Amino acid sequence: MALLRLKIQVTGIVQGVGFRPFVYRAALQNGLHGYVKNRGDAGVEILLEGQERAVHGFLHDLKEKKPPLAQIHNIVTAKLQGRNEYQEFVITKSSNEAELSGSVIPPDIAICDECLRELRDPKDPRFEYFFITCTNCGPRFTIIEKLPYDRENTTMRQFHMCGFCLSEYRDPLNRRFHAQTVACPECGPHVHLTDAKGRTLELKDPIREAGVLLSEGHAVAIKGYGGFHIALSAIKPEPLARIRNVKHRNQKPFALMARNLKAAKTFAMVSKKQEQLLSSYMHPIVLLNKSRTYNLSELVAPGLHNVGVMLPYTGLHHMLFDHVEDAAFVMTSANPPNQPIVKDNDEALHNLGDIVDYFLIHDRQIAHRCDDSVVRVHRNNTAFIRRSRGYAPAPIKLHRKTKSCVLALGGELNNTSCILNGDKAFISQHIGDVDNVETRAFLENATKHLVRLTNSKIEKVAHDLHPKFITTRLAQDLAEENGWQAIPVQHHYAHAAALMAEHNANDIVSICCDGYGYGSDGEAWGGEILLCTDAAYGFKRLGHLEKQPMIGGDLATFNPIRMAAGILQDRVDLEPWLLSNKKHFPHGEKEVQVALQQLARKENTLYTTSCGRILDAVSAILGVCTERTYEGEPSMKLESTAIGGKDVLNLKPRLESDVLCTGTLVAEIFENRHKYSKTNLAYSAHAYLAQGLAELAIKKASQNHVKAVGFTGGVACNEILALNIRRIVEASGLRFLVHKEVPPGDGGLSFGQAVASGFFHS
Ligand SMILES: [Zn+2]
Ligand SMILES: [Zn+2]
């Protein structure tokens, strides 16, 4: 009988998912000796001794029976010389060895069904324990400080396991065998409720008390896995109005946490696909259409047809609802304006003490902040608005390997960073708008952590073409410090490259629509038709939307009436309309007069081909949104207004060579604004843009013998546009590509920059 000694290294997501206990059991079942251990490169090392047949049986089990959350990317085996020396199979102490790269620890995982059952079982030692977890659930990414993933390398370090938890931790037959987050009321984190000043209130049941306070109309800051939420009643207008007022967030939609799926269905429509997403182990916020029976406050998501809903993802969240009747609570990320989400207790007291009435705080530190993810469903396609908790840092598997290891730092708004390593891309959690020192620091820290977690040896750093972005300067600094090559990537090309990499497409014509991206000519782009080919780095701009003036430059972004005025200037008598809208100008009539002068003399005017700005202008003309208080507001509200509308204008798209005219559209909307309903006019604007963009792209695809048309950029989150463009493109016989795993908006930009630099840049 042949005896074998085999060393096996497994890479992938194999730490923090019950992989070693699984290996242990598989070795025992196959009658093998040796060891298994975690390594400092997030991989797992196994030594097997035994009969050759048993070893083959084990390797089969390794691939076929792995734990549900584990992902195996690669298995490297090496036969060793020497005699068998192990008498048994053991889980040994982790090592710091880090030789392979590309493994990573898993994202945070929502509470599993078994833990939820134990939470509700009076006989269970973890009955009502708010942080009950096991090998299949609980925080991972947000508690880890360094590799390997062992308790002492996480913020669970300070909680010493009691005898009971330790006995489960050491029992190979237990679900918590080697689960690093195992804890109970005796030994784990504690939770307490404090007043706004941080003084602890002596309560037996602080979590349910917090739920009652919410229901009564108080604001409570709640510490979760990746940061603080501000929680509120979703039916009482007063606390909502008060929080909107102090947070200077008049209009921005707040997310909801529903008690359960059934409760969500009392106020929103939930499709099968949306149900799956809501209940998946990622538990993202899913945008759901408000139903006819929507009975929550209009202040939750003002002016929008949909509302972001998630389900409870920790024991604590479930318990909040126990003593109240509420179907849902508002649960919005707690972050000061333009700052990252608050994660530390002191930081919370300091920043939120004037805003909330109470704090529900626990004593475990958050190692890395992580906002909730937000997704939207277009029929059956998932469109990421934000890819963060539950997804980051799990890699996106690609169809090919990069020639060099690339770090990409993204753009400016809704930023993420990304590492491209081999055939995997690791996108960071949501960082936010990198326009100040705090978010820059967050970006730097999150990126360094991701480099360490994946054991990546960076060779190139990719950044936006915009010379003045903070991320551009950071990339240049890093390149100089580390001797990396810095590679600028044009904004819309990055979006298109992301699409190509996701679909393994070689040549595409891409419709790239968003608010703003720095063009190759230095101008403001945002409604582009690009030809992207695999053959060489780069792209060709084949067409775009008509260039339109932005009166007062960037002011036109915040005041969409200015945008409309610029487009309408030579077509209609503007003065009476502007004067009738003077209350929407911060300085009233005086500002209107100045704007009219600027119009006449064409001074202080930039030009843009942005699709977002056209939607803004239409939104302003229809009176849907005359002041932008958050990014995308005018166009999001325009889409909400258009739901259920018809194309009453029936305009044929006007193409002047390779430019889609938008001036005629905006003028027609203006002329007909009293003749048709807002809904039908809003829909007509969508129909015109969809048809025009699709026709232009189809024409260009045919001229260049390309078989696929893509749609990307923040505007691709718009369902009416996405579905209409799809219908027209597919009717022409071409393939239509949209994003599946990466956000179409700027959260996906770093991924696009990385693949453009790694795959297409020679
Ligand atoms: Zn569990
Ligand atoms: Zn315990």
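Just so you know, these numbers come straight off a predicted model, no measurement behind them.

Some words on the coordination of the zinc ion (ligand 2)
Every protein donor of the zinc ion (ligand 2) is listed here as Cys162 (SG), Cys165 (SG), Cys184 (SG) and Cys187 (SG), and their distances to the metal cover 2.2 to 2.4 Å. Read in sequence order, the donor residues for the zinc ion (ligand 2) give the motif C-x2-C-x18-C-x2-C. Of this pair, Cys162 sits in the loop between helix H3 (113–119) and helix H4 (163–169) while Cys187 sits in the loop between H4 and strand S6 (191–195), placing them 25 residues apart in sequence. For Cys187, a relative accessible area of 9% corresponds to the buried category.

A short note on the pattern of salt bridges
For side chains of opposite charge, pairing can occur when their charged atoms come near one another. This model, assessed by the stated rule, comprises 46 salt bridges. Here Lys37 and Glu45 are joined by a salt bridge, their closest N and O atoms 3.9 Å apart. The exposure class of Lys37 is buried, given its relative accessible area of 13%. Accessibility expressed as a relative area gives 2% for Glu45, which makes it buried. Measuring nitrogen to oxygen at the nearest pair gives 3.0 Å for the salt bridge that ties Glu118 to Arg175. With Glu118 in helix H3 and Arg175 in the loop between H4 and S6, the pair connects residues that are 57 residues apart, well separated along the chain. Residue classification places Glu118 among the buried positions, given a relative accessible area of 15%. The class of Arg175 is buried, set by a relative accessible area of 19%.

Thoughts on the packing of helix H13 (residues 491–503) against helix H23 (residues 749–759)
For the pair H13 and H23, the least separation of the axes is 7 Å and the interaxial angle reads 75°. Considering their axes alone, H13 and H23 lie roughly perpendicular with respect to each other. Contact residues: His491, Tyr493, Ala494, His495, Ala497, Ala498, Ala501 and Glu502 in H13; Leu749, Phe751, Gly752, Gln753, Val755, Ala756 and Phe759 in H23. The residue inventory of the contact of H13 with H23, partitioned by class, reads 10 nonpolar, 4 polar and 1 charged.

Conventions adopted
- Residues numbered from 1 in each chain as written.
- Chains lettered and ligands numbered in written order.
- Predicted model: local features only at pLDDT ≥ 70, side-chain atom pairs only at ≥ 80, totals over all residues.
- Heavy atoms only, no water.
- Donors = N, O, S within 2.8 Å, 3.2 Å for Na, K, Ca; no water.
- Helix = DSSP H or I, 4+ residues; strand = E, 2+ residues; numbered from the N terminus.
- Buried < 20%, exposed > 50% of the residue type's maximum accessible area, 1.4 Å probe, protein only.
- Salt bridge = Lys/Arg side-chain N within 4 Å of Asp/Glu carboxyl O.
- Axes fitted to C-alpha atoms, helices over the stretch in contact; angles between N-to-C directions.
- Parallel < 35°, antiparallel > 145°, perpendicular 65-115°, else oblique.
- Contact = heavy atoms within 4.5 Å.
- Nonpolar A, V, L, I, M, F, W, Y, C, P; charged D, E, K, R; others polar.

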